[in-house]
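Fold and contact review
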2 protein chains.
Amino acid sequence: MSPSPGPSSRVIALETHDIRFPTSRELDGSDAMNPDPDYSAAYVVLRTDAGDGHEGHGFTFTIGRGNDVQVAAIDALRNHVLGRPVADLCADPGTLYQDLIGDSQLRWLGPEKGVMHMAIGAVVNAVWDLAARRAGKPLWQLLADAEPEWIVRQIDFRYLTDALTPEEALAILRRGREGADERRARLLERGFPAYTTSAGWLGYDDEKLTRLAAQAVADGFRQIKLKVGADLDDDIRRCRVARAVVGPDIRMAVDANQRWNVDEAIRWTKALAEFDPYWIEEPTSPDDILGHAAIRRAVAPVKVATGEHVQNRIVFKQLLQAGALDIVQIDAARVAGVNENLAILLLAAKFGVPVCPHAGGVGLCELVQHLSMFDYLAVSGTTEDRVIEYVDHLHDHFLDPVVIREGHYAAPTAPGFSAAMRPESVAEYTYPGGTFWAADPATQKGQAA
Amino acid sequence: MSPSPGPSSRVIALETHDIRFPTSRELDGSDAMNPDPDYSAAYVVLRTDAGDGHEGHGFTFTIGRGNDVQVAAIDALRNHVLGRPVADLCADPGTLYQDLIGDSQLRWLGPEKGVMHMAIGAVVNAVWDLAARRAGKPLWQLLADAEPEWIVRQIDFRYLTDALTPEEALAILRRGREGADERRARLLERGFPAYTTSAGWLGYDDEKLTRLAAQAVADGFRQIKLKVGADLDDDIRRCRVARAVVGPDIRMAVDANQRWNVDEAIRWTKALAEFDPYWIEEPTSPDDILGHAAIRRAVAPVKVATGEHVQNRIVFKQLLQAGALDIVQIDAARVAGVNENLAILLLAAKFGVPVCPHAGGVGLCELVQHLSMFDYLAVSGTTEDRVIEYVDHLHDHFLDPVVIREGHYAAPTAPGFSAAMRPESVAEYTYPGGTFWAADPATQKGQAA
């Protein structure tokens, strides 16, 4: 696991960057709750004195205003990280994760939710990036190579044991090793199935929807997704247009981005049923476990999916206990990093619910592919009914961008968590001082913030 | 509702202050999850150009580190508030509340939870303070004098209508008016019942516990509360000591501050049952609705209480729907201010569950008394089984501190929300530049943060 560092090397810097892309100007990413997002990242870089050239990169994804608050939250974690021995940190990221979620004063600001929790996720993910780089492995491989006992030690079972005990987690991981070599070969050859949301943003007109949906099928995707929830007549028209383009065999998910009350979600989803939606995503508040359960009972056989805004493992636990979900949508940067997502993957496996990650945004595809590939190799052992969201925005800002081939994510081979941004992108889109924003008239008038 | 302002007067400043008190040095406030809190406030002052001398004061309570993050989150709301017409703002605080929780970019940081949600609460509460000052009424009276229709308009029913509709809320408020005049007279004469936690901090030894518990009974309190959850043998000893001091007729609540898993909570609470605890508070994660329901089924007749860390109205809704609570513990500064607490009071009334607010911290007693008094006058109509927590710390830093008489909160008579701190306290405890911290050796070594 841990390569040969200078045994005394330590973390010497935690840098933060407020990076914002002006995506609202093209209505990329527009949905019923988020009409004009400026996709942004509160970005963190860990530096060490190991002299091996390795850094750790991580980030929280936001959609514009408030990215500065997220940066302030990451800065508040600096004293927990500086001075840590690099070898220890990388051999056991769980120790830092436990220290961060266990800081009683910072915990008051959550607990384990919102700004402070996402900040912890950014820092923890940066440590995993560093660990994988130093190990010379892509993160999915580092995780898949690890001993089941070590994986279990990376998880905080507090508040989970009524649904998943460490012993059960260990049994799942031990079973998961069976056939892993064949699956690894298949993963490297085929990749992991993806679906695309690029056609379905709410701000696109029917012509653009038609063109992009046809392109998605031509590109080999077997599932697309449409944003819904702002206007029912529009949604019926757009679903009809899209279904006509893709035909009956392509799965078509719809996504309401939390727009509805429970009764409204049921009514609206039933009104779209004739177009055979595969899942309804975020039909209501991500906090509403009982609401999701009621919706799922009412709209079957349409499946219910949620997770991109689910705050932590405790809410995922209850969504599974309550039978509220058909699909678990993990997000790489909403919860407290890889460690908490390991718990969520194991919860999903315990309850037999497939994981189809949320992605898109800034760098979320780059991160989350590693977790699904680990799930395939070492936890669920299958890609059946598993797809990772894909959105074709902003990948060119990353040093190790995702590669999509025939509707599949190709397995990354570069060491790390694919989290590092290009230095020139950081320089251009740092807010408000980067070259793009400094030259933007809206920035100068104080309107962009 | 709105007094006679200059019709064109506007909000001209939103000031923030990072205020921290060194409470960890006395172990005041110590419990099983929070061993060394430095009680703090991210404090906000709204100023107008009305020339009437009125300001609006509000704050988020934190326990030290991260108070700066909370200040940054309040600062991120500034542009929503500056320039608002004061008369409109005070005539309808619900408009600002909706705008703040509806800012789609900021909403991504929650939604409606954690740092950003508490920041909204601080700003919204400052507006209510300003509105009550300008109306010349204490907040409880402003609310109790308001039309039921106006109160209903202050509430966001999104995600609530499966449990509480606007029509049901209106009916509760209309019924609540019956007998309000007599209750008001009684409130002004007797006050609202309190219970005290001052005896029961985990860091206090048995001698201090004995002395303070006896003092509580002598002071007229009918309920005390002990912190538990760190060590079962200690808890058994402390409960035995306290029960022996107060006798069988005083209610004795216990509070685990989220320390336990579900099974552990059940075991531990049953082990304390011989001391007749009135309620077990925060037995597990505040996010664990189903966990609380399981604990409640198992530990009855011991009641289950929670709420100080419940993030929003959606989680309170489910705690009530799931039959997970005997006691709703609202907190004045955790959710998005008065508006969201109005929703929670009405949810509790709909489900017939008594509200016993969390208080203590910095200024939480000062704020929340107004909400319980409104609940008594206009919603539940009773003080039976209702008590407001009281902790005798830090009140001297407020200009209109709570007054406790014979175990009751005396109804405040000064206009406003009792939220304003003394200017000299702000100057002394501003972190790190205030006179106290600047002179503190730990600050100079960078240890206090």
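The rules we used
Residues numbered from 1 in each chain as written. Chains lettered and ligands numbered in written order. Predicted model: local features only at pLDDT ≥ 70, side-chain atom pairs only at ≥ 80, totals over all residues. Heavy atoms only, no water. UniProt positions renumbered as here; feature names shortened; annotations may be inferred. Phe/Tyr/Trp six-rings, centres within 6.5 Å; stacked < 30°, edge-to-face > 60°. Helix = DSSP H or I, 4+ residues; strand = E, 2+ residues; numbered from the N terminus. Buried < 20%, exposed > 50% of the residue type's maximum accessible area, 1.4 Å probe, protein only. Polar contact = N/O pair within 3.5 Å; in protein donor to acceptor, adjacent residues only side chain to side chain. Contact = heavy atoms within 4.5 Å. Least-squares fit on C-alpha atoms with pLDDT ≥ 70 in both.

In the annotation of an unreviewed UniProt entry, chain A is listed under the name L-fuconate dehydratase and assigned to Streptomyces hyaluromycini. UniProt, in the comment section headed Catalytic activity (unreviewed entry), describes chain A in these words: "L-fuconate = 2-dehydro-3-deoxy-L-fuconate + H2O".

**Details of the packing of aromatic side chains**
Where two aromatic rings form a pair, the distance of their centres and the angle of their planes describe that pair. Residue and element names in this part refer to chain A. This model, assessed by the stated rule, comprises 28 aromatic pairs over all chains. Ring plane angle 55 degrees and centroid distance 5.9 Å describe the contact between Phe-59 and Phe-398, whose orientation is recorded as tilted. Residue Phe-59 is located in strand E3 (residues 56-62), and its partner Phe-398 is located in the loop between strand E10 (388-390) and strand E11 (404-405); the two are separated by 339 residues in the primary sequence. Exposure remark for Phe-59: the relative accessible area of 1% places this residue in the buried category. Judged by relative accessible area, which is 0%, Phe-398 ranks as buried. For the ring pair Trp-128 and Trp-150, a centre distance of 5.8 Å and an interplane angle of 75 degrees mean the geometry is edge-to-face. Taken together, the residues span a long stretch of sequence, with Trp-128 in helix H6 (residues 114-135) and Trp-150 in helix H8 (residues 148-153) at a distance of 22 residues. Each member of the pair Trp-128 and Trp-150 is classed as buried.

**Section: the side chain of Arg-20 of chain B**
Residues and elements named next belong to chain B. You can see Arg-20 is positioned in strand E1 (residues 11-20). By relative accessible area, which is 5% here, Arg-20 ends up buried. Here the side chain of Arg-20 touches Asp-18 through a polar contact of 2.9 Å, side chain to side chain. Setting aside residues no more than four positions away along its own chain, Arg-20 makes contact with Tyr-39, Ser-40, Gly-64, Arg-65, Asn-67, Asp-68, Tyr-429, Tyr-431 and Trp-437.

**Some details on the relation of the copies chain A and chain B**
With an axial shift of 0.0 Å and an RMSD of 0.0 Å, the rotation relating chain A to chain B amounts to 180 degrees. Expressed as a symmetry operation, the mapping of one chain copy onto the other fits a two-fold axis. Scanning chain A for the C-alpha nearest the rotation axis identifies Gly-114 of chain A, at a separation of 2.4 Å.

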